[in-house]
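Reading the structure
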Amino acid sequence: MRNIVLGIVLTLILLFVYKHYEKQKAEHLRLKESSTLIEKQVRNVGKLVVTEGAFSEVFTYKNSKAMFGNLLSSEKKALVVVNAEVTVAYDLSKINYNVDETRQTLTLIDIPEAELKIHPDLEYYDIQADYLNPFNADDYNAINKIVKKRLALKIEGSKLKENAQNRLISELSKFYILTNSLGWTLEYNNTPVSSTKTLDSLVYKFH
């Protein structure tokens, strides 16, 4: 009788160990599958997100040159019409991240800064200059600098950068949706992301 009871106990212990092993094995496999799925999502999102805008500017360029000890001055000027294409891009292939299976956490360590590119098309009208103070390469370089500075100010006052960041948030939200569906946690800047609104505020705060 004693041997029978001992046999039953041993059988139950072995059954428990086997079930525990199978459960651990299944859990490990699930974590691996989740980790692989998250890695794949990061790669899919890792693309160039570009927001485009068009800006126009018209201004008069003037340059005066003192001559004969300031007794005379020679002025040159031109009307400059600027049509510019502007892009704000986020290269999401540069995202620095970490997938922690133990903590079941996807951590966004670093998000690339926006890349602003301005492509101006300049047309010159009513160029006025004389022999003593002609238009030259320095004038065209000066005009290019002025144009880019003025356009940069217009861009800051526009919705272009905000629209670009909204597109960035839209792409990053895919990480939150996936991790949340798998029971994982998304973190950015050492802060857990509990909703897309949290992600939005964190990116605006630290980016």
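As shown above, the structure is provided for reference.
Residues numbered from 1 in each chain as written. Predicted model: local features only at pLDDT ≥ 70, side-chain atom pairs only at ≥ 80, totals over all residues. Heavy atoms only, no water.

The first and last C-alpha atoms of helix α2 (residues 137-156) sit 29 Å apart over 20 residues, in line with the 28 Å expected at 1.5 Å per residue. All of the buried residues in α2 are Asp139, Ile143, Val147, Leu151 and Ile155. The buried residues of α2 occupy an angular sector of 135° when the element is viewed end-on, so they sit on one face. The exposed residues of α2 that point more than 90 degrees off its buried face are Asp138, Lys145, Lys149, Leu153 and Glu156. Taking the backbone nitrogen of Asp138 as reference, a side-chain oxygen 3.0 Å away marks Asn136 as the first, capping residue of α2. (Helix = DSSP H or I, 4+ residues; strand = E, 2+ residues; numbered from the N terminus. Expected span 1.5 Å × (residues − 1). Buried < 20%, exposed > 50% of the residue type's maximum accessible area, 1.4 Å probe, protein only. Arc of directions from axis to C-beta. Polar contact = N/O pair within 3.5 Å; in protein donor to acceptor, adjacent residues only side chain to side chain.)

This part takes up the nonpolar core. The biggest cluster of nonpolar side chains holds 42 residues, and the ones touching the most others in it are Val82, Ile143, Leu172, Phe175 and Val203. By residue number, the principal contributor to this core is helix α3 (residues 160-182), which donates eight residues. Those residues within four positions of Val203 in sequence are excluded, and the remaining contacts are Ile111, Gln165, Leu168, Ile169, Leu172 and Tyr188. (Core = buried A, V, L, I, M, F, W, Y, C linked by side-chain atoms within 4.5 Å. Contact = heavy atoms within 4.5 Å.)

With that settled, the discussion passes to the side chain of Glu187. Tracing the backbone through its elements, the reader meets Glu187 in strand β6 (residues 185-188). Within the structure, Glu187 has its side chain in polar contact with the side chain of Arg103 (distance 2.9 Å). Sequence-distant contacts of Glu187, defined by excluding residues within four places in its chain, comprise Arg103, Thr105, Leu106, Thr107, Leu108, Pro192 and Val193.

Overall, the coordinates contain eight salt bridges when judged by the stated rule. Note that Glu171 and Lys174 form a salt bridge whose closest N and O atoms lie 3.2 Å from each other. Placement of both Glu171 and Lys174 in helix α3 is noted, with a separation of three residues, approximately one turn of the helix. Look at Glu171 and you get buried, because its relative accessible area is 10%. Among the ionic contacts, a cluster of salt bridges with common partners joins Glu57, Arg150 and Lys154. (Salt bridge = Lys/Arg side-chain N within 4 Å of Asp/Glu carboxyl O.)

Taken in spatial order, the four strands of this open sheet run β3-β4-β6-β7, and their pairing is mixed. Two strands close off the open sheet at either side, each with one partner strand: β3 (96-100) and β7 (191-193). Geometrically, the sheet is characterised by an average inter-axis angle of 25° between neighbouring strands, direction not taken into account. For β6 and β7, the ladder comprises three bridges, and the chain directions are antiparallel. Across the sheet, Leu186 pairs through a bridge with Val193, a residue of β7. (Pairing = 2+ DSSP bridges. Axes fitted to C-alpha atoms, helices over the stretch in contact; angles between N-to-C directions.)

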